[in-house]
Amino acid sequence: MATTQTESEADAATEVGSVELEVFRYVPEEDDEPRFESYTVDAEEGTTVLDALIEIRDTEDASLTVRHSCRMARCGSDALYINGKQRLACNTLVKEVGEPVKVEPLPRFDVIRDLVVDMEGFYDRMEAVEPWFQPSHEPETGEEFLQSPENRKNIDTVLDCIWCGACTSSCSPAGTDDRFKGPAALAKAYRFYKDEREGEEARKNRLRLLEDAHGIYRCHTQFNCTEVCPKGISPTEAIMEMSRDATKQKLAFWRR
Amino acid sequence: MSKDTRVETYSRGLIEDPSRWKDWMGGMWAFYLHRFTGLVLSFYLVMHLFVLSTGYWMGHETYTEVMQAIAAPKVIHVMELGLFAAFVFHALNGTRIVLFDMMRGLEIQEQLFYLSVALSFAIVVASAPFFLLG
Amino acid sequence: MWLLQRVTGVGLIFLLGFHFAVQHFIVGATNVTAANTVDRITYGLIEGDHVIPVTIDMSAVMYQASALLLLAFSVFHGMYGVHNIVVEQNPGEKIERLSRYFFTVLSVVLLIQGVLIFYAFFAP
Ligand code: FES
């Protein structure tokens, strides 16, 4: 997925000619129903889908609304459904997806306007797994909670999450079941679950938090989240590990 | 999902899954096939026990008659082969899922799905004569 | 529950596989009669008039156990599976509870029915 910066910069000067984009439009004041609008823009080797959208907004139709910020796959504002897959528009080259480039807002999210979706519910889900560090005791003055490099290795990938919502948008249980936290939140839970500085108690609590009928067991290993994650995280793997551990924990309880 | 109450939003509802089947990736196909075959098998289980219970309620002769009558038409044999196919796929894909639960094969999930499809196909073709000729 | 679903699932691969093998490969669906069902359930899988000749005798107890286990496993796995599909639609507490009752009752009915069928063909 990750197109290396140098590569695209070196080719940046080469024209690939005009590219056709089909963009999902919905302006609540004007449209009753969403519609698709076609635009044609000039693209170069290194033109990203986000570049093309900005180009449209600047030169063709100033009413087109798209959320973006960093343009370098760091902020997670511009996850969109591009040619059949959730991707970051700024991390997707126009030439790599083929023509016409069909751009839609994230599926399973409610649309506010054009390509902008309501992320509120997504953030609620993220918050539900208590994504903050819960040490076993208050730190004494000058005390630091140090994590061993080995322990840190476990969470290297899940830490890369930029909260773009691509995975949660791709997951059908997360779509039908609002109480299921979805891949992003569960990967976030995993990040803390794996952090040994929190101690045994907190670990068990974190699992308990995820264990009800709408919890981790709703994962059906569709692997969509893993496929679409722009950061190469595998939420599926995290969920599988936690559900395995939760089951083990229960069995150990029976034995006693 | 809670909504941002400051703005009006447009819900695109459940158009997402079925209408996008062309975009599905391996794991998604596996999920829906597993679900579909599961439903078929469950439904069959209920009907099956219902039909077999003639043996208890109506005696052995009726049972034999009913079983012979059901097994007579050729269509039934094809349907039984379909049921067998559903079972084989559900079993193989189920094995795939159990593997994931044990944290195995997560990287090759898509290949494993194609493998389970290919294997089911092979098994069904190989056992088709028993159903269709027998 | 989740674990049980997996355990019964793996069990069913063998039990249902065996069931299919007996009914369709060894006996043949067209040859099912009350008489040979009684034979199988009472005496186990023994040599007889089969499509594929059986070379190894299976004891009656083993065959009966496989039949009853198959009943229990398949009813649980099937009904719990469908109930899970309902739960996953997040229909709300009330319907979830209703669904749990419904599938529990249905399971019990199916189990009773299954045992009755077994009993009907059990004639030592
Ligand atoms: S604009 Fe920041 S991730 Fe794409």
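Residues numbered from 1 in each chain as written. Chains lettered and ligands numbered in written order. Predicted model: local features only at pLDDT ≥ 70, side-chain atom pairs only at ≥ 80, totals over all residues. Heavy atoms only, no water.

Caption draft 1: Structural view of the overall build of chain B. If you tally the helices and strands in chain B, you get six helices and zero strands. Sequence-ordered secondary structure for chain B, helices as α and strands as β, is α-α-α-α-α-α. In chain B, the proportion of contacts linking residues at least 24 apart, taken out of those at least 6 apart, comes to 67%. Surface accessibility of chain B: about 7,500 Å² in total, with carbon and sulfur atoms responsible for 74%. (Helix = DSSP H or I, 4+ residues; strand = E, 2+ residues; numbered from the N terminus. Contact = heavy atoms within 4.5 Å. Areas by Shrake-Rupley, 256 points an atom, 1.4 Å probe, with all protein chains shown as cover.)

Caption draft 2: Representation of empty space enclosed by the protein in the model. Residues and elements named next belong to chain A. Counted under the stated rule, the structure contains three cavities of 30 Å³ or more. Its volume calculated, the second largest cavity comes out at about 120 Å³. For the second largest cavity, the lining is made up of 15 residues, of which Cys-161, Cys-167, Ala-184, Cys-229 and Ile-233 are closest to its centre. Within the residue set of the lining of the second largest cavity, elements represented by two or more residues are α6 (166-170) and α8 (182-193). Grouping the constituent residues of the lining of the second largest cavity by class yields 13 nonpolar, one polar and one charged. (1 Å grid on protein atoms, 1.4 Å probe; cavity = no way out; pocket = protein on both sides within 12 Å on 5 of 7 lines; lining within 4 Å. Points joined across faces, edges and corners; volume = space filled by probe spheres on them. Nonpolar A, V, L, I, M, F, W, Y, C, P; charged D, E, K, R; others polar.)

Caption draft 3: Fine view of the interface of chain C and chain A. Taken together, the nine residues of chain C in the interface contact 13 residues of chain A. Interface area lost by chain C to chain A is led by Trp2(C), Glu88(C) and Asn90(C), which between them contribute 58%. Taken together, the connections running from chain C to chain A amount to three salt bridges. Arg179(A) serves as the salt-bridge partner of Glu93(C), at 3.5 Å between the closest nitrogen and oxygen. Inspection of the region where chain C meets chain A yields six residue pairs in polar contact (both at pLDDT 80 or more). Among the elements that make up the side of chain C that touches chain A, the one with the highest residue count is helix α3 (residues 60-88) of chain C (three residues). Tallied by class, residues from the side of chain C that touches chain A come to three nonpolar, three polar and three charged. (Buried area = accessible area lost by both parts, 1.4 Å probe. Salt bridge = Lys/Arg side-chain N within 4 Å of Asp/Glu carboxyl O. Polar contact = N/O pair within 3.5 Å; in protein donor to acceptor, adjacent residues only side chain to side chain.)

Caption draft 4: Spotlight on the packing of helix α1 (residues 2-27) of chain C against α3(C). Residue and element names in this part refer to chain C. The contact between α1 and α3 brings their axes to 8 Å, and the two run at 130 degrees. On the basis of their axis angle, the class for α1 and α3 is oblique. Note that α1 runs across α3; the crossing there is left-handed. Within the contact of α1 with α3, the residues separate by chemical class into 14 nonpolar, 10 polar and no charged. (Axes fitted to C-alpha atoms, helices over the stretch in contact; angles between N-to-C directions. Parallel < 35°, antiparallel > 145°, perpendicular 65-115°, else oblique. Left-handed = near helix turned anticlockwise from the far one by under 90°.)

Caption draft 5: Representation of helix α4 (residues 93-120) of chain C in the model. The terminal C-alpha atoms of α4(C), which comprises 28 residues, lie 40 Å apart, in line with the 40 Å expected from a rise of 1.5 Å per residue. For α4(C), the full list of buried residues reads Glu96(C), Ser99(C), Phe103(C), Ser107(C), Leu110(C), Gln113(C), Gly114(C), Ile117(C), Phe118(C) and Ala120(C). (Expected span 1.5 Å × (residues − 1). Buried < 20%, exposed > 50% of the residue type's maximum accessible area, 1.4 Å probe, protein only.)

Caption draft 6: Just the pattern of salt bridges, in detail. All names here are of chain A. A complete count under the given rule lists 19 salt bridges over all chains for this structure. Its salt-bridge partner being Asp-114, residue Arg-25 comes within 3.0 Å of it at the nearest N-O pair. With a gap of 89 residues between them, Arg-25 in strand β1 (residues 15-25) and Asp-114 in the loop between β6 (111-113) and β7 (116-117) connect regions that are remote in the sequence. Across the salt bridge formed by Asp-114 and Arg-113, the nearest N and O atoms sit 3.9 Å from each other.

Caption draft 7: Broad picture of the interface of chain B and chain A. In this complex, chain B contributes 31 residues to the contact, which on the side of chain A involves 35 residues. For the pairing of chain B and chain A, the buried interface totals around 3,000 Å² over both sides, and the portion due to carbon and sulfur atoms is 55%. Viewed at the interface, chain A and chain B are joined by zero salt bridges. At the junction of chain B with chain A, the criterion picks out two residue pairs in polar contact (both at pLDDT 80 or more).

Caption draft 8: Spotlight on the packing of α3(C) against α4(C). All names here are of chain C. Taken N-terminus to C-terminus, the directions of α3 and α4 make an angle of 165 degrees; their axes are 10 Å apart at the nearest point. One way to sum up the angle between α3 and α4 is to call them roughly antiparallel. Considering the relative orientation of α3 and α4, their crossing is right-handed. In this structure, α3 contributes Gln-64, Ala-67, Leu-68, Leu-71, Ala-72, Val-75, Met-79, Val-82, His-83, Val-86 and Val-87 to the contact, and α4 contributes Glu-96, Ser-99, Arg-100, Phe-103, Leu-106, Ser-107, Leu-110, Leu-111, Gly-114, Val-115 and Phe-118. Across the contact of α3 with α4, the residue classes break down as 15 nonpolar, five polar and two charged.

Caption draft 9: Seen up close, helix α9 (residues 199-210) of chain A. Residue and element names in this part refer to chain A. In a regular helix each residue adds 1.5 Å, so 12 residues correspond to 16 Å; α9 covers 18 Å between its end C-alpha atoms and thus fits that length. Those residues of α9 lying buried are Ala-202, Arg-206, Leu-207 and Leu-210. Taken end-on, α9 shows its buried residues confined to a sector of 140 degrees, consistent with a single buried face. (Arc of directions from axis to C-beta.)

Caption draft 10: Quick peek at the confidence of the model for chain C. Residues and elements named next belong to chain C. Per-residue confidence for chain C gives a mean pLDDT of 80, with 85% of residues at or over 70. By mean pLDDT, helix α2 (residues 34-43) is the weakest element of chain C at 73, and α4 is the strongest at 90. Both confidence scores are given for the complex: pTM 0.84, ipTM 0.83. (pLDDT = per-residue confidence, 0-100.)

Caption draft 11: Region of the structure containing the side chain of Thr221(A). Tracing the sequence through the fold places Thr221(A) in the loop between α9 and α10 (224-228). In this structure, Thr221(A) is in contact with Thr236(A), Met240(A), Gly27(B), Ile97(B) and Phe100(B), ignoring residues within four places of it in sequence.

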